[in-house]
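If you want the building blocks of each chain, they are given just below.
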Amino acid sequence: MLNSRSSFSAAVTCAAAAKSAAPVPVPLPRNNPLKNTEQENQQTSKPASVLFSEQKLPSFGRAMAIGYYPRGCLQGGVELPTTGPTWQVMRLSRNRNWGHPELVKFIERFAPLAAKATGRKGILIGDMAQPRGGPLPFGHKSHQTGLDVDMWFMPMPDRVLSKEERENIKPSNLVAADGKHVNDEIWSAADVTFIRTAAEQPEVERVLVNAAIKKELCRAEGNNDRSWMSKVRPWYGHDDHVHVRLKCPADSPNCEAQPAVPGGDGCDKSLDHWFAD
Ligand SMILES: [Zn+2]
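No experiment lies behind these values; they were computed from the predicted model shown.

Things to note about the nonpolar core
Line of reasoning, step 1. With 46 residues, the main nonpolar core has Ile107, Ile125, Met151, Ile195, Val207, Ile213 and Val244 as its most contacted residues.
Line of reasoning, step 2. The greatest single-element share of this core, amounting to seven residues, is contributed by helix 4 (residues 101–118).
Line of reasoning, step 3. Those residues within four positions of Met151 in sequence are excluded, and the remaining contacts are Phe106, Ile107, Phe110, Ile123, Leu124, Ile125, Phe194, His241, Val242 and Val244.
Line of reasoning, step 4. Judged by nonpolar contacts, the second largest core, of six residues, contains Met90, Leu124, Trp152 and Met156.

Here we look at the packing of aromatic side chains
Line of reasoning, step 1. A complete count under the given rule lists seven aromatic pairs for this structure.
Line of reasoning, step 2. Ring-pair connections join several aromatic residues into one group, and the members of that group are Phe106, Phe110, Phe153 and Phe194.
Line of reasoning, step 3. The ring of Phe138 has Arg96 lying over it, and the distance from NZ or CZ to the ring centre is 4.2 Å.
Line of reasoning, step 4. Stacked on the ring of Phe275, the Lys or Arg Lys215 has its end atom at 4.6 Å from the ring centre.

Details of the sheet that holds strand 9 (residues 204–209)
Line of reasoning, step 1. Across the sheet, seven strands lie side by side as 4-5-7-8-11-9-10; this open sheet has mixed pairing. Because the sheet does not close on itself, it has two edges, and the strands there are strand 4 (83–84) and strand 10 (232–234).
Line of reasoning, step 2. Pairing analysis gives two bridges linking strand 4 to strand 5 (residues 87–89), with the strands arranged antiparallel. Residue pairing across strands places Thr83 opposite Gln88, the latter belonging to strand 5.
Line of reasoning, step 3. Each of strand 5, strand 7 (123–125), strand 8 (148–155), strand 9 and strand 11 (241–246) is contacted by helix 4, which is oriented at about 20° to strand 8, the strand it contacts most.
Line of reasoning, step 4. Contacting strand 8, strand 9 and strand 10, helix 7 (residues 211–221) runs over the sheet at an angle of about 135° to strand 10.

Reading guide: rules and limits
- Residues numbered from 1 in each chain as written.
- Predicted model: local features only at pLDDT ≥ 70, side-chain atom pairs only at ≥ 80, totals over all residues.
- Heavy atoms only, no water.
- Core = buried A, V, L, I, M, F, W, Y, C linked by side-chain atoms within 4.5 Å.
- Buried < 20%, exposed > 50% of the residue type's maximum accessible area, 1.4 Å probe, protein only.
- Helix = DSSP H or I, 4+ residues; strand = E, 2+ residues; numbered from the N terminus.
- Contact = heavy atoms within 4.5 Å.
- Phe/Tyr/Trp six-rings, centres within 6.5 Å; stacked < 30°, edge-to-face > 60°.
- Lys NZ or Arg CZ within 6 Å of the ring centre and 35° of its normal.
- Pairing = 2+ DSSP bridges.
- Axes fitted to C-alpha atoms, helices over the stretch in contact; angles between N-to-C directions.

Structure below.
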């Protein structure tokens, strides 16, 4: 059973987080006057990231991604099963395998697709969102609206990992020590296929990878059709996982869309600055 008091605090924190993004007020539970909650919020000095991470279950109400990817929250979140035919969730202790139903649906559809395309057994899933989304106490700025998922480059093994293994296995880093190239010993064509398969899905807004990986994609694809690469953008970290972000779902009027990617394949000057000293 959800604790109605803390559930309401979280809803209000979420409303505050989404305020600048959302012109429409976030629906609030009935029978809970706003006044009381403001008083409650003033009584607690906990930061929003702690309040959100303390929530072990989603909030009631129809599913809705609220606010902006790095400044928002999630109503009516659903849980991705921790073990599927072609995926396994890692770091179970974080309780971050929650998302908007569209994200869960996407992973369930994408995992077998990617397994088939790459010839691998499946995908190891890293962080999604907390049950109610919101800011996270460590690890990410985004992942707040239930539309972001991290997927490891390390392929899923052909067996079910134990809880301990999911906690302790270190993901393999695909970027070389110089930060400018991929690690040739573990980088393979299947990694290109994996990223490409993600970028080709229509509900995907962005695919974030380390700049060295983006550079390698530009090189490897050479004269091939590189239009799919426009969604693949460089970002800090992302050397052991790919970050997939979905577009705002139709059921979420308070979800703020990310500005469209600039045209082109991104294999241009905008990439060079990542390698400037
Ligand atoms: Zn991420």
